[in-house]
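Observations on the model geometry
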Amino acid sequence: GGLLMAATNKDRPDRPLTLDDLPPLPEPDHATLRVEQRRGVAVVFGVISLCIGVTHGVLIPCGGSLGLAAWWACAALVQAAALLALCCFAVLYYGDPGVVRRSESACFPLPPAVEARVRAGENATALNNIIEGRDTFCVRCLVWRRADDGPLRTSGGGFLAAVARRAFRG
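Below: a short report on this structure.

Rules used throughout
- Residues numbered from 1 in each chain as written.
- Predicted model: local features only at pLDDT ≥ 70, side-chain atom pairs only at ≥ 80, totals over all residues.
- Heavy atoms only, no water.
- Buried < 20%, exposed > 50% of the residue type's maximum accessible area, 1.4 Å probe, protein only.
- Helix = DSSP H or I, 4+ residues; strand = E, 2+ residues; numbered from the N terminus.
- Arc of directions from axis to C-beta.
- Phe/Tyr/Trp six-rings, centres within 6.5 Å; stacked < 30°, edge-to-face > 60°.
- Pairing = 2+ DSSP bridges.
- Axes fitted to C-alpha atoms, helices over the stretch in contact; angles between N-to-C directions.
- Contact = heavy atoms within 4.5 Å.

1. Overview of helix α5 (residues 112-119)
Among the residues of α5, Val-114, Val-118 and Arg-119 are the ones counted as buried. All buried residues of α5 project into a common sector of 130 degrees when viewed along the axis, lining one side. The first or second residue beyond α5 is Gly-121, which carries a positive phi of 75 degrees.

2. Observations concerning the packing of aromatic side chains
The relation between two aromatic rings is expressed through the spacing of the ring centres and the mutual angle of the planes. One pass over the full model with this rule turns up four aromatic pairs. Ring plane angle 35 degrees and centroid distance 5.5 Å describe the contact between Phe-89 and Tyr-93, whose orientation is recorded as tilted. Here the residue Phe-89 and the residue Tyr-93 both occupy positions in helix α3 (residues 68-94), the gap between them amounting to four residues, near one helical turn. On the basis of relative accessibility, which here comes to 15%, the residue Phe-89 falls in the buried class. Judged by its relative accessible area of 32%, Tyr-93 falls in the partly exposed class. On the basis of an interplanar angle of 80 degrees and a centroid distance of 4.8 Å, the ring pair of Tyr-93 and Tyr-94 is categorised as edge-to-face. On the basis of relative accessibility, which here comes to 69%, the residue Tyr-94 falls in the exposed class. Each residue in the set Phe-89, Tyr-93 and Tyr-94 is aromatic and connected to the rest through ring pairs, giving one cluster.

3. Description of unusual backbone geometry
Apart from glycine, the bulk of residues carry a negative phi angle, and the bulk of peptide bonds sit in the trans form. Cis geometry is found at the peptide bond from Phe-108 to Pro-109, where omega equals 0 degrees. In this structure, Pro-109 sits in the loop between α4 (104-107) and α5. The phi dihedral of Leu-142 is positive, around 60 degrees, even though this residue is not glycine. If you trace the backbone, Leu-142 turns up in the loop between β2 (135-138) and β3 (143-145).

4. What to know about the sheet that holds strand β1 (residues 130-132)
In spatial order, the strands read β1-β2-β3; together these three strands make up an open sheet with antiparallel pairing. Unpaired on one side and paired on the other, β1 and β3 mark the two borders of the sheet. Strand-to-strand twist across the sheet, computed as the mean angle between neighbouring axes with direction ignored, equals 25 degrees.

5. Points about the environment of Ala-124
Mapped onto the secondary structure, Ala-124 falls in the loop between α5 and β1. By relative accessible area, which is 5% here, Ala-124 ends up buried. Separated by eleven residues in sequence, Ala-124 and Ala-113 place their C-alpha atoms 8.3 Å apart. Non-local contacts of Ala-124, meaning those with residues more than four positions away in its chain, are made with Val-114, Arg-117, Val-139 and Leu-142.

Listed below in structure tokens is the structure:
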């Protein structure tokens, strides 16, 4: 645990830290994640239903003046757009969101302020995320989000791991 780790690290401050020395990742806020997932499903299906409903609501009264081929073309286009939206949503819903996983290369070298807190058995979340050049070190997840991994996704004030409690790459 954290206290045993802190004692070991205080006794041997010259020993390089390893992944085993890092505190465990915080648990994601599963309740909030589920609420956000349900909202996403409701919004996507609501917008799709609205688009299909409006299209058919306009097409049905205009059916005779539009011509059969044009009517079917409009109906097919909106159905294809709905299918494409569902496919995109499935990729977002079930795909890898780009969580930066802990590894030697993703975690090290630790910024000095973070390393001092880890060695002392203290929580690094009291610090702000650390920016070095184009890279950002997430003090909650204890991983580097490297600019070479793609653009960083930020929300609000730039804190990337608020609900999932993980760092993400773009």
